[in-house]
Amino acid sequence: MKRLSDISPGIAVTIRQIENNELFLKLMEMGFIPGEEITIEQIAPLGDPISVSVAGYSLSLRLNEAKSVLVEEVYKKTA
C-alpha cells in the first residue's frame with residue numbers, strides 16, 4: 001500500500017485505510033470511505049494542497065491529511 005500523498009496526478013486508487021483517527025470522521029464525511037475509488041487530479045506547484053476526485057466531485061486535501069490515507073492503485077483489465 002502507498003500513501004495518497006505519494007500518488008501522481010491521473011492515477012486512480014482505491015482507499016484502503018485512514019490512519020489518523022482525528023481525521024477519520026472528517027474524511028468519511030467528504031466521501032473518503034474505504035473501498036471508494038478516487039483519482040488524483042492536480043498537485044499544487046509547491047506540493048500542497050492536492051486536488052482529488054471522489055464520489056463524483058473534486059476536493060482539495062492538505063498534504064498532511066493525504067499522508068494519513070493508505071491506498072492501492074486500481075488496475076484496469078484490458079481485453
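A quick note: this is a predicted structure, and the numbers were derived from the prediction, not measured. (Residues numbered from 1 in each chain as written. Predicted model: local features only at pLDDT ≥ 70, side-chain atom pairs only at ≥ 80, totals over all residues. Heavy atoms only, no water.)

As a further point, take the pairing of strand 3 (residues 37-43). Pairing between strand 2 (residues 12-18) and strand 3: three bridges, direction antiparallel. From the neighbouring strand, Thr14 faces strand 3, where its bridge partner is Glu37. Pairing analysis gives five bridges linking strand 3 to strand 4 (residues 50-54), with the strands arranged antiparallel. In the sheet register, Ile38 faces strand 4, and the bridge partner there is Val54. (Pairing = 2+ DSSP bridges. Helix = DSSP H or I, 4+ residues; strand = E, 2+ residues; numbered from the N terminus.)

A few words on unusual backbone geometry. Note that the residue after Asp48, namely Pro49, is joined by a cis bond; omega there is 10°. By secondary structure assignment, the location of Pro49 is in the loop between strand 3 and strand 4. One non-glycine residue, Ala55, lies in the positive phi region at around 55°. Inspection of the secondary structure assignment puts Ala55 in the loop between strand 4 and strand 5 (57-61). A relative accessible area of 48% places Ala55 in the partly exposed class. (Buried < 20%, exposed > 50% of the residue type's maximum accessible area, 1.4 Å probe, protein only.)

By size, the foremost hydrophobic cluster in this structure holds 18 residues, and its most contacted members are Leu4, Leu27, Phe32, Ile38, Ile50, Leu61 and Val69. The set of elements that each furnish at least two residues to this core consists of strand 2, helix 1 (21-29), strand 3, strand 4, strand 5 and strand 6 (69-73). If sequence neighbours within four positions are ignored, Ile38 has contacts with Leu4, Ile11, Ala12, Val13, Ile15, Phe32, Ser53 and Val54. (Core = buried A, V, L, I, M, F, W, Y, C linked by side-chain atoms within 4.5 Å. Contact = heavy atoms within 4.5 Å.)

This paragraph deals with the pairing of strand 5. Looking at chain direction, strand 4 and strand 5 are connected through five bridges and run antiparallel. Its bridge partner lying in strand 5, Ser51 is registered against Ser60. Between the antiparallel neighbours strand 4 and strand 5 lie two residues, among them Ala55 with a positive phi of about 55°.

On to the environment of Leu4. Within the secondary structure, Leu4 sits in the loop between strand 1 (2-3) and strand 2. Taking the C-alpha atoms as reference points, Leu4 and Ile50, separated by 46 residues in sequence, lie 9.5 Å from one another. Those residues within four positions of Leu4 in sequence are excluded, and the remaining contacts are Val13, Phe32, Ile38, Ile40, Ile50, Leu61, Ala66, Val69 and Val71.

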